[in-house]
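Observations on the model geometry
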Amino acid sequence: MAAGGGGGGGGGGGLFAGFRALGRYSGHVPHVLRYHGRHREFYVATAVGRSVHTYNVKKLGIVAVSNALLQDITCLAADRMLIFASYGDVFHAVARNKEVVHTYKGHKARIHLLQPFGDHVISVDVANVLIVWDIQSEEEYLQVVFDKATFAVSAILHPSTYLNKILLGSEQGGLQLWNIRSNKLLYSFPGWGLGVTTLEQAPAVDVVAVGLVSGHIIVHNIKFDETLMKFQQDWGPITAISFRTDGHPVMAAGSPVGHIALWDLEEKKLISQMRNAHSTAIGGMSFVPGEPLLITNGADNAIRVWIFDGPGGTGRVLRSRMGHSAPPTKIRYHGQNGEQILSAGQDGTLQSFSTVHERFNKSLGRGSINKKKSKKKGLQHDTMALPPITAFASEVAHQSDWDGIVACHQGYITCTTWNYQKTSMGIHKLRPEEFSKNKPVDIYATAVDITSCGNFAVIGMSTGRVDVYNMQSGLHRGCYGKERAHEGSIRGLAVDGLNQLTITAGSEGLIKFWKFKTKDLVHSTDLSSSPSGILLHRDSGILGIAFDDFSISVFDIETRKIVRKFSGHHGRINDMTFSPDGRWLITSSMDCTIKTWDLPSGCLIDCFLLDSAAVSLTMSPTGDFLASAHVDDLGIYLWSNRSLYSLVSLRPLPADYEASMVILPGTCPLEDVDVAEGEETCDEMIEYDSPEQLGEQLVTLSSLPESRWKNLLNLDIIKKKNKPREPPKVPTSAPFFIPTVPGLIPRYAAPEQENDAQSKVVNIGVLAQKSDFYIHLEEALSTNKYAAPLNVLKDLGPSNIEIELRSLAPEGGGSVEVMLSFLRMIGMMLNKKYNFELAQAYLALYLKLHLKIVSSEPSLLEEVSRLSTQLEETWIHLRTLFNQSLCVLTYMKSALL
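The present account deals with the structure reproduced in this document.

Parameters at a glance
- Residues numbered from 1 in each chain as written.
- Predicted model: local features only at pLDDT ≥ 70, side-chain atom pairs only at ≥ 80, totals over all residues.
- Heavy atoms only, no water.
- Helix = DSSP H or I, 4+ residues; strand = E, 2+ residues; numbered from the N terminus.
- Buried < 20%, exposed > 50% of the residue type's maximum accessible area, 1.4 Å probe, protein only.
- Contact = heavy atoms within 4.5 Å.
- Arc of directions from axis to C-beta.
- Phe/Tyr/Trp six-rings, centres within 6.5 Å; stacked < 30°, edge-to-face > 60°.
- Lys NZ or Arg CZ within 6 Å of the ring centre and 35° of its normal.
- Disulfide = S-S within 2.5 Å.
- Pairing = 2+ DSSP bridges.
- Axes fitted to C-alpha atoms, helices over the stretch in contact; angles between N-to-C directions.
- Expected span 1.5 Å × (residues − 1).
- Bend = angle between axes of the 7 residues up to and from the residue.
- Core = buried A, V, L, I, M, F, W, Y, C linked by side-chain atoms within 4.5 Å.
- Polar contact = N/O pair within 3.5 Å; in protein donor to acceptor, adjacent residues only side chain to side chain.
- Parallel < 35°, antiparallel > 145°, perpendicular 65-115°, else oblique.
- Left-handed = near helix turned anticlockwise from the far one by under 90°.

1. Notes on the side chain of Ser532
Of note, Ser532 is situated in strand E47 (residues 531-537). A residue is classified by how much of its surface remains accessible, and Ser532, at 17% relative accessible area, is buried. Sequence-distant contacts of Ser532, that is, excluding residues within four places in its chain, are made with Arg491, Ala546, Phe547, Asp548 and Ile573.

2. What about helix H6 (residues 787-794)?
Every buried residue of H6 is accounted for by Pro789, Leu790, Leu793 and Lys794. Here the buried residues of H6 occupy an arc of 140 degrees about the axis, which is enough to place them on one side. Looking at the buried side of H6, the elements it contacts are helix H5 (772-783), helix H7 (798-806), helix H8 (816-832) and helix H9 (836-856).

3. A few points about the packing of aromatic side chains
What the rule picks out here adds up to 19 aromatic pairs. Put simply, the rings of Phe84, Phe91, Tyr104 and Trp133 pair up and form one aromatic cluster. The ring centre of Phe516 lies 5.9 Å from the NZ or CZ of Lys519, which sits over that ring. Residue placement shows Arg560 over the ring face of Phe513; its charged tip is 5.4 Å from the ring centre.

4. Quick word on the state of the cysteines
For the structure on display, the rule yields 0 disulfides. Lacking any disulfide linkage, Cys408 is separated from the closest cysteine sulfur, that of Cys415, by 5.1 Å.

5. A short note on the pairing of strand E44 (residues 501-506)
Most of E44 is tucked away: 6 of the 6 residues are buried. What you see with E44 is no split at all: Leu501, Ile503 and Ala505 on one side and Thr502, Thr504 and Gly506 on the other are buried throughout. Taken together, strand E43 (residues 490-495) and the strand that follows it, E44, pair antiparallel across an intervening segment of 5 residues, in which Asn499 is found at a positive phi of about 55 degrees. As paired strands, E44 and strand E45 (residues 510-515) are joined by 5 bridges and run antiparallel to one another. For Ile503, the partnering residue across the bridge sits in E45 and is Phe513. Counting the residues in the hairpin turn of E44 and E45 gives 3 residues, including Gly509, whose phi is positive at 100 degrees.

6. A word on the sheet that holds strand E46 (residues 521-526)
Pairing is antiparallel across the open sheet formed by 4 strands, whose spatial order is E43-E44-E45-E46. Here the strands that pair on one side only, and so sit at the sheet edges, are E43 and E46. Taking each pair of neighbouring strands and ignoring which way they run, the sheet shows an average axis angle of 15 degrees.

7. Quick look at H9
Compared with the 30 Å implied by 1.5 Å per residue over 21 residues, the 28 Å span of H9 between its first and last C-alpha is a close match. His850 marks where H9 bends most, by close to 80 degrees. Taken as a whole, H9 has its buried residues at Phe836, Glu837, Leu838, Ala839, Ala841, Tyr842, Leu843, Leu845, Tyr846, His850, Ile853 and Val854.

8. Points about the nonpolar core
In a soluble, globular protein the nonpolar side chains are often hidden away together inside. Ranked by size, the top nonpolar core spans 42 residues in total, and within it Leu808, Phe822, Met825, Ile826, Tyr842 and Leu860 carry the most contacts. Only H5, H6, H7, H8, H9 and helix H10 (858-896) provide two or more residues apiece to this core. Broken down by element, this core gets its largest block of residues, 11 residues, from H8. In this structure Tyr842 touches Leu712, Leu790, Leu793, Lys794, Ile801, Leu805, Phe822 and Ile826, once residues within four positions along its chain are discounted.

9. Notes on the side chain of Ser589
Its place among the elements puts Ser589 in strand E52 (residues 584-589). For Ser589, the side chain forms a polar contact with the main-chain oxygen of Gly571, separated by 2.9 Å. Apart from residues lying up to four places away in sequence, Ser589 is in contact with His569, Gly571, Arg572, Ile573, Asn574, Ala613 and Ala614.

10. Section: the packing of H7 against H9
Helix packing geometry: the angle between the two helix axes and the distance between the axes. Running from amino to carboxyl end, H7 crosses H9 at an angle of 50 degrees, the nearest separation of the two axes being 10 Å. Of the possible angle classes, the one that applies to H7 and H9 is oblique. Seen from above, H7 lies across H9 with right-handed handedness. From H7, Ile801, Glu802, Leu805 and Arg806 reach across to H9, where they touch Tyr842, Leu845, Tyr846, Leu849 and His850.

Structure below.
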């Protein structure tokens with residue numbers, strides 16, 4: 001998928017790429033249950049946005065995620081091999097839970113019913129057109145148009161054992177039985193004068209359950225057209241019906257308010273009610289064949305498996321997958337491993353989502369004034385429930401000893417603590433003592449923070465008051481200022497990493513610094529505009545400030561000065577987050593953009609546009625992911641940091657840069673595909689290849705490892721230590737290996753050519769045994785080019801270097817001229833000031849081996865004295881530079897103190 005635009009290029013070279021979505025499990029579309037014959041296992045498929053999720057019933061673990069369709073799925077059906085999913089006037093067949101294999105186009109209106117039918121599939125649209133399709137050829141087999149005034153199709157069913165026949169229900173209440181093969185209406189059922197919402201086949205042949213808009217359930221025999229029994233629910237239209245097939249004559253019926261009724265078909269009475277099975281309407285409901293398991297899903301983003309194993313006939317939740325039922329408002333990474341994201345939603349819950357695996361997800365529940373009373377009253381009539389969380393702060397230190405999360409609620413003065421280990425609301429309610437009995441309406445908590453040690457919580461109020469509480473005891477530990485810290489409401493607060501300073505921001509436009517322990521005011525800074533929020537990067541002491549005029553400032557808490565100012569957003573800034581190293585500040589705004597600002601350069605380096613604004617952002621402590629939550633969206637979206645694994649340009653974006661639109665990632669992890677064409681045309685994305693020497697005046701070291709040159713003077717000691725106790729054994733010959741030449745860089749040996757007519761005359765050149773290094777040094781005497789012998793020497797190991805230098809002496813087969821040539825090569829290296837440490841090491845070994853010869857030969861002595869002068873000048877120059885740098889560094893350290 002396309003990533004965010006960056007570096008002035010197209011959408012393919014951005015800093016962040018969509019990875020996957022968290023916390024999406026189900027939608028309002030009824031699920032479908034399938035049996036896999038080879039696996040001997042049941043699978044349930046749900047529609048989540050534009051994809052189909054497949055879960056195994058055994059563990060309710062996600063098995064597969066289909067490729068994303070063009071729009072959100074509105075209808076779902078399945079047969080033994082394929083899953084059918086529709087949006088608008090088109091529907092697709094998905095094979096292997098993954099790829100789309102067939103597309104069916106022909107409807108002129110939105111499809112709202114799908115029914116697999118052997119080798120065919122039936123679709124009905126809202127314009128009352130029924131089309132029978134051949135699955136493989138994708139062609140229309142039959143098309144039937146119904147009169148909307150007399151028979152508006154609202155439900156469809158293929159009765160068991162009824163060959164080529166389908167039963168249709170209508171909004172007018174009547175039923176019709178059709179033979180699809182002959183295109184004939186076989187029978188019309190008069191109905192009950194009320195619209196049909198659902199049709200379900202009973203375990204008995206010829207018997208069908210009919211759900212009506214009035215809440216009635218009619219169990220009807222379609223063979224004799226007679227009603228067997230009738231039930232009624234007072235919760236509105238019937239949304240789903242299912243029958244148990246494990247020997248118990250029980251029928252379950254769903255409702256729009258989230259309740260489920262269980263009916264006994266033998267005694268024709270209500271067994272029990274499962275109230276608040278979902279917080280929204282029951283979307284789909286199906287008993288697993290032959291097992292006491294009921295699977296339900298709803299628009300509250302939950303899928304649950306209920307087991308009926310207790311007395312009374314009611315079910316209990318066996319396993320479930322659930323996310324937020326209302327959009328999340330605040331997300332933050334929890335801990336330093338970057339594996340858990342805490343999320344507070346408009347549904348009032350606090351949840352933890354794992355970026356590793358969904359089995360590590362936790363729900364900390366919903367805030368409540370009195371948990372015992374809340375449990376008695378139930379979810380629907382809970383007057384004790386707290387409003388949604390607007391801000392929270394968490395710390396892992398001491399989280400196993402006491403509560404480690406503090407949260408403030410919308411329009412509520414009391415702040416709550418939460419325990420991550422116990423996955424529940426904590427024991428403390430933090431609020432000022434004067435408001436312990438009476439609860440003011442217009443005073444509420446606006447900002448919270450928790451110290452890095454996990455001992456203290458700092459809470460800011462809308463009145464400008466800032467209080468400190470102990471997290472272990474819940475006791476009040478003081479407040480900042482005489483009566484209040486600020487004249488206006490608190491827009492943000494932060495505590496530094498060492499508990500030395502507390503920083504508060506007020507709506508009147510002031511940033512104040514307080515001593516954390518003594519509560520004394522240290523410094524106050526007047527800002528240009530009213531701040532909307534602040535964020536502190538504790539490791540670097542950098543404070544990000546977002547303003548009401550859509551600008552951003554970066555404040556250094558050491559020098560207490562504004563060091564950077566950014567502008568470019570065209571809407572309210574919703575959230576900010578720092579990269580772990582503090583180099584980037586990432587901001588989201590109501591203008592639907594996410595921007596990355598580089599603090600050292602003070603420039604915008606990345607920007608991408610989304611179709612919905614991000615209300616909250618958080619960056620992983622490990623720097624691998626950026627997480628975002630969006631307006632009217634239940635998911636949390638992960639964006640991978642491409643700079644960790646790919647070549648990304650971090651150049652400033654031009655002033656006229658237009659951000660590219662990016663699609664939110666799906667549930668399935670996406671592989672980041674780079675646009676090769678874009679990289680070829682973009683000059684700034686070409687990888688920089690560092691030259692061997694940046695400048696001729698700079699002393700440059702080689703890039704060789706230390707093992708190649710550091711121990712040249714100690715080779716004799718190393719050889720004594722490594723001397724083998726036993727003579728080396730000849731390895732057994734392995735004819736299937738290609739022979740190689742010994743050395744540090746592996747090279748294949750050239751194949752030996754057998755020459756039968758080999759001459760017996762010995763070649764004098766063979767006895768000379770001149771090495772490549774020796775030959776290149778001889779040539780350099782005339783050409784004065786020493787790059788070739790130096791490259792040969794750099795490719796050799798320490799032992800081979802010693803052998804080569806020993807062979808330069810006359811007694812080793814060399815000559816004084818070649819020894820002179822070697823010294824000139826060292827002089828060339830010192831003149832050009834590159835491979836500086838190699839020149840030192842090679843010259844030291846040369847003098848150790850040939851000191852007697854050098855002292856007796858005038859030409860060599862003259863060359864060595866010239867090298868000595870060069871070395872001394874270079875070292876004096878380096879020492880001067882070192883001393884200058886140390887002086888500047890010492891001054892800067894002392895000046896800052």
